[in-house]
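# Fold and geometry: a report
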Amino acid sequence: MTASRIVYSTDQGRRCPECGRAVADCRCRRSKPAVAAVPAGDGIVRVGRETKGRKGKGVTIVRGVPLGAEALADLATRLKKRCGSGGTVDAGVIEIQGDHRDLLVEELGKLGYTVRRAGG
């Protein structure tokens with residue numbers, strides 16, 4: 001026989017599954033440090049160029065960098081400054097405006113990453 005626990009109460013709303021308190025009053029989740037998720041991959045950073053969905057304008061795409069969101073944004077800022085171009089980080093992928101594949105492969109190699117050019 002398994003013990004059951006209240007998940008929702010009409011008096012207090014949602015309940016924490018660990019401590020049983022109302023979610024707003026839960027102390028067990030607030031005390032745990034947030035862990036930044038690092039995407040799993042094969043350890044190879046791939047640098048390519050895409051024009052799809054951009055009205056023919058090319059952007060350089062950097063995929064597979066094994067960093068969390070904040071560190072990835074810092075790396076993107078560094079690479080954008082090195083290229084002298086704009087860009088963004090979207091869903092764990094760095095996009096830099098223009099064709100800067102050679103420069104980015106060189107720069108990421110200096111930073112210690114295993115880098116390969118992707119695509120043609």
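To be clear, the structure that these remarks concern was listed above.
Predicted model, so just to flag it, every value in this text is computed and none were measured.

## Some thoughts on the overall build of the protein
- The helix and strand inventory of the protein stands at three helices and seven strands.
- Counted from the first residue to the last, the protein has its helices and strands arranged as β-β-α-β-β-α-β-β-α-β.
- Burial statistics for the protein: of 120 residues in total, 28% are counted as buried.
- Put simply, of all contacts in the protein between residues at least 6 apart along the chain, 39% involve residues at least 24 apart.
- A total accessible area of about 8400 Å² is found for the protein, and carbon and sulfur atoms account for 50% of it.

## Some thoughts on the sheet that holds strand 4 (residues 59-63)
- Pairing in this open sheet of five strands is mixed, and the strands run 5-6-4-3-7 from one edge to the other. In this open sheet, the two edge strands, each paired with only one partner strand, are strand 5 (87-90) and strand 7 (114-117). The mean angle between the axes of side-by-side strands here comes to 20°, regardless of whether they run parallel or antiparallel.
- Two elements, strand 3 (residues 44-50) and strand 7, share four bridges in a ladder whose sense is parallel. Its bridge partner lying in strand 7, Val47 is registered against Arg117.
- Helix-sheet contacts for helix 2 (residues 69-83) involve strand 5 and strand 6 (93-97), and the interaxial angle to strand 6 is about 20°.
- Each of strand 3, strand 4, strand 6 and strand 7 touches helix 3 (residues 101-110); the most contacted strand, strand 3, lies at about 165° to it.

## Some remarks on the environment of Ile44
- By the element assignment, Ile44 lies in strand 3.
- For Ile44, a relative accessible area of 13% corresponds to the buried category.
- On a C-alpha basis, the gap between Ile44 and Arg63 in space is 8.6 Å, while along the polypeptide they are 19 residues apart.
- Excluding residues that lie within four positions of it along the chain, Ile44 makes contacts with Arg63, Gly64, Thr114 and Arg116.

Each value, and the rule that gives it
Residues numbered from 1 in each chain as written. Predicted model: local features only at pLDDT ≥ 70, side-chain atom pairs only at ≥ 80, totals over all residues. Heavy atoms only, no water. Helix = DSSP H or I, 4+ residues; strand = E, 2+ residues; numbered from the N terminus. Buried < 20%, exposed > 50% of the residue type's maximum accessible area, 1.4 Å probe, protein only. Contact = heavy atoms within 4.5 Å. Areas by Shrake-Rupley, 256 points an atom, 1.4 Å probe, with all protein chains shown as cover. Pairing = 2+ DSSP bridges. Axes fitted to C-alpha atoms, helices over the stretch in contact; angles between N-to-C directions.

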